[in-house]
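# Per-entry structural report
Given next are the chains, with one letter for each unit.
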Amino acid sequence: MGCRGGVRLPLVTRLCFVVLLCASCLCSLSHGKRTPPPRPAVKPPPPPSPSQVPAPAPAYPALPVRAVCLGGWLVTEGWILPPLFDGIPNKDLLDGTQVQFKSALRKTYITADQGGGGGVVANRTQASDWETFKLWRINETTFNFRTPGGQFMGIGASDGIIVATATAPALPETFQIVRCPFDKNRVRIKAANGYFVQAIATGEVIADYGEPTRWSDWDASVFLMTKVGQQLQGEYQLCNGYGTDKAASVLRDHWNTYIVEDDFKFIASSGLTAVRIPVGWWIASDPNPPAPYVGGSLQALDNAFKWAEKYKLGVIIDLHAAPGSQNPWEHSSSRDGAQEWGKTDANIAQTVQVIEFLASRYATSPSLFAVELLNEPLAPRAALDSLARYYRAGYDAVRRHSPAAYVVMSNRLSSGNSTELLPFAGGLQGAVIDVHYCTVFNSAFSNFTVQQNIDFVRTNFSGELAAVTTQNGPLTFVGEWVAEWKVPNATKEEYQKYAAAQMGVYGLATFGWSYWTVKNTNNNWDLEWMVKNGYISLKG
C-alpha cells in the first residue's frame, strides 16, 4: 500500500496505467454478376495491434469509480490487524528482524567486517550498519544471520572461527538464540558445532564456549541483544513464524471472517461501486504454494467475485506482492527487506504467469473491472526497462483472456519522474495513471493545522492531479487515500471537513478513487467505521 503503518516514505506519486481493447468491425463486399478481370494478388493489411483497438467497457461499474481497498485480507499487513501475530512464539524475532549483539564482558559488538564477505570480529563499542544482522527464521529459536552485504554469518573452516562469507545459508550458518529466563534480551548464541559463541580478548568471535552460564556480565558467551528498525509483519513473517500447519489454521479463519458477504453488501449500499483486492503471487499456486506460504486465499478471492457479482461491484485485482518483492516493505511480502523483483528474465516471466492465471480465471466474470500488474515498484532497484518489459508482457497476458478489463500499471516510487511511463501509456488505449496521496507519516506535516492540511489537498494535490490529467491522455485514478493526518486531538467536524476536501479533489480523477482500507484497527483508516460513525458521507 502507499500509506503504510510505521515509518513513512516521502510523499510519492505513483503512475498506474489501464488499457482497453474491443473487437473490430468487419465490412462485407458485394459483387456484380459479371466476373471481374483477374488482378494481381494483394497482401491483406495486417490486423490492428491490440493497443490500437478500442475495447468494450466492462459491464459495470461506470466511470469514475468510488472504490475501497480490501487491505490486510489476502495479503497480510500486521499493522492493520496486529492480533494475527499474537500466537507466534518469540514473535519479536520474525524474519527480517534487525538485531545487534553486544558482548556483556567485552562491551563490544559482533561486527561483519566491511559489511560482510570476510571475517567477523567484536571490536567496536558503537553499533551501526556492520553491527546489524537480519534474521532468517528457521524455527522459534533457530536462525540464520544475514549481513548488510547479503552474506550469512557462519562457522569457518576450522577452530570455530566465525566468518561471514556464505552467500546462501546451510548448516554452518545456523545458530540457536538461547534467551535468559529473566531477561529475554540477554542471550547466548549456540553454533552448529554445539558450542556457544564468545568474543575473545583479541577481538575474534569464535564458537568454542561450552560451559554453563549464570547469565552474568562475567560470562564471555553472554550477549546483550538489541532490536533496531521497524519489524516486518507481512505474509512471509506470519507463515514462517507460525509454521505451515498453524499458519494455515490462522489464515483460513482470518480469510473466512475478516471480509464476508455482508461487507460487500455494506460497500454497495454505502454508495461505493468497486473494490480493490490486493493479492500475493503465491495465489497462483493455490492450494499448494511454495513454503512458507499456505493455500486457501484463492477460495476467498473466488468468494469475493461471487459477492461482487451479486451486489454489482467491480473488482480491481491488485498484485500487491510479486515474487522477489518489488519493494522492501511487508506488503510486498519481503522476507528481510531485500528487493529482488525484476532482476532476471525468469523472475519477470514468473510474474507474468501469475497475471495470466488471474486473468484467465476471472475473465468471464462481469465484475472483473481491472487487473493491476504490480503495486509500488521501488526505484532504482526496480529498473525502468525491466518494468516496461514486464508491463507489456503482463498487458498482453490480460488481453489474451479479456478484451474489456482495464490493465493498471504503477509507476516506480522514488523515481523522481512521475511522468516516466506517460510515453508508454500514451500508446495504449484507455491508460490510467494511479496516484496515491497520504500525509500522515510525512514529518513535513507534523505542525500543519487543520486548514493547512485542507489547503494542501486543494492546491498541491489538486495541482499534481491536474498535471497528470491531460487532454486525450490517460485517465487518472487516486488509487489510495485516507482521511487521517498528523493533527492532534482533531474533532469529528474537522475530520469531516478533511475527508470532504479530499473527496472533492479526488472526485476530479477521471477513472475514480479508492480509499485505504475497508477495515483497520485504527479507526480513521477504517472506511466502514468512518461511514457508520458519520465521519465520511458517500451518498452525495
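Note that the structure is predicted; figures quoted are calculated from it, not measured.

## Points about the overall build of the protein
- On a plain count of helices and strands, the protein comes out with 10 helices and 20 strands.
- Summarising the internal contacts of the protein: among those between residues at least 6 apart in sequence, 74% fall at separations of at least 24.
- Taken as a whole, the protein presents about 22,400 Å² of accessible surface, with 53% of it coming from carbon and sulfur.

## Quick notes on the packing of aromatic side chains
- Taken as a whole and assessed by the stated rule, the structure comprises 30 aromatic pairs.
- Ring plane angle 65 degrees and centroid distance 6.2 Å describe the contact between Phe-448 and Phe-456, whose orientation is recorded as edge-to-face.
- Between Trp-485 and Tyr-495, the aromatic rings sit 5.4 Å apart at their centres with planes inclined by 45 degrees, giving tilted as the arrangement. With Trp-485 in the loop between β19 (475-481) and α9 (492-506) and Tyr-495 in helix α9, the pair connects residues that are 10 residues apart, well separated along the chain.

## Let's talk about the nonpolar core
- With 111 residues, the main nonpolar core has Leu-70, Trp-73, Ile-277, Tyr-390, Tyr-515 and Ile-536 as its most contacted residues.
- If near-sequence neighbours (up to four positions away) are discounted, Leu-70 is found in contact with Ile-259, Phe-264, Ile-267, Val-275, Arg-276, Ile-277, Pro-278, Thr-517 and Val-518.
- Formed by 26 residues, the second largest nonpolar core is a distinct cluster that contains Leu-93, Ala-164, Ala-199 and Val-205.

## A look at helix α6 (residues 384-399)
- When the terminal C-alpha atoms of α6 are compared, their 22 Å separation across 16 residues agrees well with the 22 Å that a helix rising 1.5 Å per residue should span.
- Regarding α6, the residues found buried are Ser-386, Leu-387, Tyr-390, Tyr-391, Gly-394, Tyr-395, Ala-397, Val-398 and Arg-399.
- Packing partners of the buried residues in α6 comprise β15 (314-321), α5 (345-362), β16 (368-372), β17 (406-408) and α7 (422-426).

## Concerning the pattern of salt bridges
- For the structure shown, the criterion picks out 23 salt bridges.
- Notably, a salt bridge pairs Asp-92 with Arg-179, separated by 2.9 Å at the nearest N-O pair. With Asp-92 in the loop between β1 (65-69) and β2 (98-103) and Arg-179 in strand β9 (residues 175-180), this pair connects stretches of sequence that are 87 residues apart.
- Using a relative accessible area of 14% as the deciding quantity, one classes Asp-92 as buried.

Basis of the calculations
Residues numbered from 1 in each chain as written. Predicted model: local features only at pLDDT ≥ 70, side-chain atom pairs only at ≥ 80, totals over all residues. Heavy atoms only, no water. Helix = DSSP H or I, 4+ residues; strand = E, 2+ residues; numbered from the N terminus. Contact = heavy atoms within 4.5 Å. Areas by Shrake-Rupley, 256 points an atom, 1.4 Å probe, with all protein chains shown as cover. Phe/Tyr/Trp six-rings, centres within 6.5 Å; stacked < 30°, edge-to-face > 60°. Core = buried A, V, L, I, M, F, W, Y, C linked by side-chain atoms within 4.5 Å. Buried < 20%, exposed > 50% of the residue type's maximum accessible area, 1.4 Å probe, protein only. Expected span 1.5 Å × (residues − 1). Salt bridge = Lys/Arg side-chain N within 4 Å of Asp/Glu carboxyl O.

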